[in-house]
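Fold and geometry: a report
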Amino acid sequence: MMNYFPDEVLEHVFDFLESHRDRNAVSLVCQSWYRVERFSREKVFIGNCYAISPERVIARFPRVRSLTLKGKPHFADFNLVPSDWGGFVLPWIEAMARSGVNLEELRLKRMVVSDESLELLARSFPNLRSLVLVSCEGFTTDGLAAIASNCRFLTELDLQENEVEDRRGQWLSCFPDSCTSLVSLNFACLKGEVNLAALERLVARNHNLRSLRLNHAVPLDALQKILMQAPQLVDLGTGSYVHDPDSDTYNKLKSAVQKCTSIRSLSGFLDVAPRCLPAIYPICLNLTSLNLSYASLIHNSELIKLIHHCSQLQRLWILDCIGDKGLGVVASTCKELQELRVFPSDIHGVGSAAVTEEGLVAISAGCPKLNSILYFCQQMTNAALITVAKNCPNFIRFRLCTLNPTIPDPVTMQPLDEGFGAIVQSCKGLKRLSLSGLLTDQVFLYIGMYAEQLEMLSVAFAGDSDKGMLYVLNGCKKLKKLEIRDSPFGNVALLADVGKYETMRSLWMSSCEVTLGACKTLAKKMPRLNVEVINENDLIDASSDDRQKVEKMYLYRTLVGPREDAPEFVWTL
Amino acid sequence: MEVGQKRVNMLGEDETELRLGLPGGGGDHVAAKNGTHTAKGSYNGKRGFNETMDLKLKLSSKETAAATVDEGKDLPKERNLLGGSGDSVKPPPAKAQVVGWPPVRSFRRNILAQKSSTGGHEDAAFVKVSMDGAPYLRKVDLKMYKSYQELSDALGNMFSSFTIGTCGSQGMKDFMNESKLMDLLNSSDYVPSYEDKDGDWMHVGDVPWEMFVDSCKRLRIMKGTEAIGLAPRAMEKCKNRS
């Protein structure tokens, strides 16, 4: 087939393709497109670090400058995956260092990152500009010190919800005086103290700083001084927001905040003195994003007062102590709202703080642009879900979590099948769905029938039989990730369509009815899947009975066979 | 939570409009069209929340089993299972904990757990902190810290600017070097002491942290040379306490 365009032209055209999915599609067209595309791809996204090896990635994309890697399965977030399961970044950094990759950006999610990895990263890639770590673990502030000291052109250091051991080594002071390139600095998840004087000086000399998220150890008087130096901030995460509102410091804070007219995103408030909240009212009008989901000490009434000022909000993360009434205020104030997350404030009790279906219905009625929701609630009804589905046909992400995972509709005592059915039927663009409440096979029938764009489904304590899982596997053509816990799906469902799993990134099943024998059968039939059996309690090995049920199974497509770093309790069949 | 007329009205037309049954389906689908679930005992065979609780936590879940597994025939519709309000027929089921439910990231879970144990700022314990040679005093809230180490770090931060003068030619480098600072504060040059409820000046670090927070009225970081008279009384005090 004739190639009408010289490579340079093709490359130029491909430059316009941002998403890795588009680039993947383009590289399948023909050999020459594949070739041009691979030499021009600079941003590489690897959704499962075990699906491919670093060497092969580098071989295919030698010009890679930005790498995104994801490690552990999603349920690792909820302590369902043992901590030594895997997901180590070191081999990737070593491989890139060996190959002389000019790495500028590294984004990791749910990976194990050691100080050694960070030190190697800092030493090997002088042009490193951006390091983003989300839900990672395994490193200490010593590793951060290495990054701060060595990465001369660092623009972004973004640490989100990582488990970091604090070594009290003044990592922040390791940014040299010559560091003036920072645009984004987020250390909100760190538990220890930072050198405040060093922080203030750092902010003062980094005039391009747009995003700054402090940890709880940074007191309000330091915040005030920092804001004076950085009125250009667009995104601010406060540290400890506690002070005497009658003090001089607080007044200074008020005037500092008023000068920060560019702030569009606000978060933090891990420690908060509610009487100090009025200082931020002036910037509320401009806020498009507000995260108060750690601020459990703010009373309902103060929250509502605050929300009244925030009419431009597009994203709101909040605790359920806001209550249904508070959500009503959100509904009437925040007409631009696109994403809402309501987190539980009381995980253990049967708190009266929680929200119910009323809040959700109010939001759906008041916020026409809503497309993404994560909602932890006390209860939900089918009627409410049906109403929500009618009000908001544009949901892309819909995650509902009832605090009691098998609670039925309290009005009708029925399962929530009809409610979720309405959601999937109405929201034709739905890509991600999490279910909870009492659910039978019926809900899966609906999902299989209607959720045509669904890519990720999370199931817990749901369904009656293998039919449920089969409806989903047969119906959802675009399914990429399926994660199931504590549901009665077994071997029949697992083995019905083994080819399906090569079209997906991964399948997780824990506390289901799947047996060792079925896992072995699957692994044998599908050599390009890694079928991992994770049994911490009773070690499973060659002598185990095939009829034994498997505690946890994680399978994923891969081009590189069983991984070599699996711990003892993980058996790749 | 009131469960009653309001919700019934919501059901109204909307529910009948929505037809989710399959064309030409079987018995199962008849149930779907009616929007109800046939009482075929289809809840059986499912490993529900309750069973899991039994398996995982070995709790007696008779109460909770009754709450969620029954098919609704015997219960009045107004019954509120959740127990959040005074309307409930019986006390709420014990909220036992299944691993990973509700699905909240460990990071968030830990923060919330911490919050509930520290109880918030109604109980703040602000005390004055003076350091010999410093031009002015500071105040710290002892409840913000959970150990002597944390307090020491925070004090180090607060008073770091005052130690520049003592750093000699190494200057800024030493000042920024936290371990040197800690050495300074921990060395015989400086002794952290506190005034307790009885008005006595004590050496910081002798008693368990919680006891210290309860009894500390103010802190003083004194120069070593002045601390000589401190020790004997501190020893006496400890003896009296134990």
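Keep in mind that this is a model prediction, so the values were computed, not measured.

Describing the overall build of chain B
Looking only at helices and strands, chain B has 10 helices and 5 strands in total. Partitioning the contacts of chain B with sequence separation of at least 6, the portion at a separation of at least 24 is 54%. When the accessible surface of chain B is split by element, carbon and sulfur atoms take 54% of a total near 13900 Å².

Details of the packing of aromatic side chains
Residues and elements named next belong to chain A. Taken as a whole and judged by the stated rule, the model has 22 aromatic pairs over all chains. Ring centres 5.7 Å apart and planes at 80 degrees place the aromatic pair W171 and F187 in the edge-to-face group. Of this pair, W171 sits in the loop between β7 (163–165) and β8 (184–186) while F187 sits in the loop between β8 and α8 (196–205), and the two are 16 residues apart along the sequence. For W171, a relative accessible area of 3% puts it in the buried group. Its relative accessible area of 0% is what places F187 among the buried residues. Here the aromatic cluster, defined as three or more aromatic residues joined through ring pairs, consists of Y50, F75, F78, W85, W508, Y554 and Y556. When the ring centre of W85 is taken as reference, the NZ or CZ atom of R563 above it lies at 4.2 Å.

Notes on the UniProt feature "domain: F-box" (unreviewed entry) in chain A
Feature annotation in UniProt assigns "domain: F-box" (unreviewed entry) to the following positions: residues 5–46 of chain A. Spanning residues 5–46 of chain A, this segment combines 60% helix with 10% strand, and its end C-alpha atoms are found 30 Å apart.

Here's the deal with the environment of A:P527
Structurally, A:P527 is set in the loop between α20 (516–525) and β21 (529–534). Note: C-alpha distance between A:P527 and A:R557 (30 residues apart in sequence) is 9.1 Å.

Quick word on the nonpolar core
In this structure, A:F187, A:Y241, A:F398 and A:I447 are the most contacted members of the largest nonpolar core, which totals 194 residues. Not counting residues up to four positions away in its chain, the partners in contact with A:I447 are A:V424, A:L433, A:L435, A:L454, A:L457, A:V472 and A:C476. The next biggest cluster of nonpolar side chains, apart from the first, holds 24 residues, and it includes B:A154, B:Y190, B:Y194 and B:V204.

Side note on the state of the cysteines
All names here are of chain A. Summed over all chains, the structure comprises 0 disulfides over all chains. Cysteine C179 remains unbridged, with the sulfur of C151 as its closest cysteine sulfur at 9.7 Å. Of the residues examined, C179 reaches a relative accessible area of 3% and is grouped as buried. No disulfide involves C276; its nearest neighbouring cysteine sulfur is the one of C284, lying 14 Å away.

Focus: the pattern of salt bridges
If charged atoms from side chains of opposite charge come close, those side chains can pair. Residues and elements named next belong to chain A. Here the structure, examined in full by the defined rule, presents 29 salt bridges over all chains. Between K191 and E163 there is a salt bridge; the shortest N-O distance is 3.5 Å. Of this pair, K191 sits in the loop between β8 and α8 while E163 sits in strand β7; the two residues are 28 residues apart in sequence, bridging distant segments of the chain. On the accessibility criterion, K191 (49% relative accessible area) is partly exposed. Relative accessible area serves as the criterion here: at 28%, E163 is assigned to the partly exposed category. Ionic pairing is found between E532 and R563, a salt bridge with its closest N-O pair at 2.7 Å. One end of the pair, E532, is in strand β21; the other, R563, is in the loop between β22 (552–557) and β23 (570–572), with 31 residues separating them in the sequence.

A word on helix α13 (residues 323–333) of chain A
Given 3.6 residues per helical turn, the α-helix brings residues three or four places apart onto the same face. Residue and element names in this part refer to chain A. A large share of α13 lies buried, amounting to 8 of its 11 residues. Inspection of α13 places G323, D324, G326, L327, V329, V330, A331 and T333 among the buried residues, and these make up the whole buried set. In the core, the buried residues of α13 are packed alongside α12 (300–308), β13 (315–319), β14 (339–343), α14 (357–366) and β15 (372–377).

So, the environment of A:G328
Residues and elements named next belong to chain A. By the secondary structure assignment, G328 is in helix α13. Given a relative accessible area of 26%, G328 falls into the partly exposed group. Separated by 143 residues in sequence, G328 and Y471 have C-alpha atoms that sit 37 Å apart.

Overview of the pairing of strand β4 (residues 130–134) of chain A
Residues and elements named next belong to chain A. Counted residue by residue, β4 has 5 buried out of 5 residues, so it is predominantly covered. Of the two faces of β4, the one carrying S130, V132 and V134 and the one carrying L131 and L133 are both buried. For strand β3 (residues 105–109) and β4, the ladder comprises 5 bridges, and the chain directions are parallel. When the bridges of β4 are listed, L108 appears paired with L133. As for the winding sense of the linkage, the β-α-β connection from β3 through helix α6 (residues 115–124) to β4 is right-handed. In terms of strand pairing, β4 meets strand β6 (residues 156–160) through 5 bridges, oriented parallel. Bridge pairing in β6 links L133 to L159.

Parameters at a glance
Each chain carries its own residue numbering, running from 1 in the direction its sequence is written. Labels follow written order: the first chain is A, the first ligand is 1, and so on. In view of the model being predicted, local features appear only for residues whose pLDDT reaches at least 70, and side-chain atom pairs are presented and counted only at 80 or more, with totals across whole chains, interfaces and linings using the full set of residues. Side-chain figures throughout are based on the complete set of non-hydrogen atoms in the structure, without hydrogens or water. Only runs of H or I of at least four residues qualify as helices and only runs of E of at least two qualify as strands under DSSP, and these elements are numbered from the N terminus. Here, residues are in contact when the closest pair of their heavy atoms is within 4.5 Å. All accessibility values rest on the Shrake-Rupley procedure with a 1.4 Å probe; residue burial counts only the protein chains present in the view. Only the six-membered ring of Trp is used, alongside the rings of Phe and Tyr, when aromatic pairs are assigned; centres must lie within 6.5 Å, and planes under 30 degrees apart are stacked while those over 60 apart are edge-to-face, with the rest tilted. Buried means the residue's accessible area, taken with a 1.4 Å probe over protein chains only, is under 20% of the maximum for its type, while exposed means over 50%, and partly exposed covers the values in between. Working rule: Lys NZ or Arg CZ, within 6 Å of ring centre, within 35 degrees of ring normal, means a charge sits over the ring. UniProt positions are given in the numbering used here, feature names are shortened, and annotations may be inferred rather than shown by experiment. Residues belong to a common nonpolar core when they are buried Ala, Val, Leu, Ile, Met, Phe, Trp, Tyr or Cys residues joined through side-chain atoms within 4.5 Å. Criterion for a disulfide: a pair of cysteine sulfur atoms at a distance within 2.5 Å. By definition here, a salt bridge exists when the distance from a side-chain nitrogen of Lys or Arg to a carboxyl oxygen of Asp or Glu is within 4 Å. Note on pairing: two strands pair once DSSP finds at least 2 bridges between them. Looking down the strands as they point away from you, a crossover is right-handed if its path from the first strand over the helix to the second goes clockwise.

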